[in-house]
Amino acid sequence: MFSIRSLIVIILVALLVSLYSRLTAKNKGTLKQKQKRQQKPTKEIRETVKCAYCEVYLPEKDAIKQQGRHFCSEEHAHKFLQKPNKPS
């Protein structure tokens, strides 16, 4: 029949298999999370615009649009539109 030594070996093998399964499952989950994080910013980048005055990027929905240009604030729109045009 089984000896104590055989029983201990079977238990250790079962624990190692269980531990290996959990570790590989966690790695698969973190890989999926990393892929989601990498995909998420691309959507935001497509929806951002640059302020014509200070060149900071902001969401298009928050931008102020005047004369075909985007601005981060009314103050920047006013300053940009009031400055004299440079000769080309």
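Residues numbered from 1 in each chain as written. Predicted model: local features only at pLDDT ≥ 70, side-chain atom pairs only at ≥ 80, totals over all residues. Heavy atoms only, no water.

### Points about the overall build of the chain
The secondary structure content of the chain amounts to two helices and four strands. With 88 residues in all, the chain has 11% of them scored as buried. (Helix = DSSP H or I, 4+ residues; strand = E, 2+ residues; numbered from the N terminus. Buried < 20%, exposed > 50% of the residue type's maximum accessible area, 1.4 Å probe, protein only.)

### Some thoughts on the nonpolar core
In this structure, Val49, Cys51, Leu58, Ala63, Phe71, Ala77 and Phe80 together form the largest nonpolar core, which totals seven residues. The residues touching Val49, leaving out its near neighbours within four places in the chain, are Val56, Tyr57, Leu58, Glu60, Ala63 and His70. (Core = buried A, V, L, I, M, F, W, Y, C linked by side-chain atoms within 4.5 Å. Contact = heavy atoms within 4.5 Å.)

### Overview of the confidence of the model for the chain
This prediction gives the chain a mean pLDDT of 82; 69% of its residues lie at or above 70. The weakest mean pLDDT in the chain belongs to helix α1 (residues 4-46) at 76; the strongest belongs to strand β4 (residues 69-71) at 95. (pLDDT = per-residue confidence, 0-100.)

### Side note on the packing of aromatic side chains
This structure, assessed with the given rule, holds one aromatic pair. With centroids separated by 5.5 Å and ring planes inclined at 55°, the aromatic side chains of Phe71 and Phe80 adopt a geometry described as tilted. Judged by its relative accessible area of 0%, Phe71 falls in the buried class. On the accessibility criterion, Phe80 (16% relative accessible area) is buried. (Phe/Tyr/Trp six-rings, centres within 6.5 Å; stacked < 30°, edge-to-face > 60°.)

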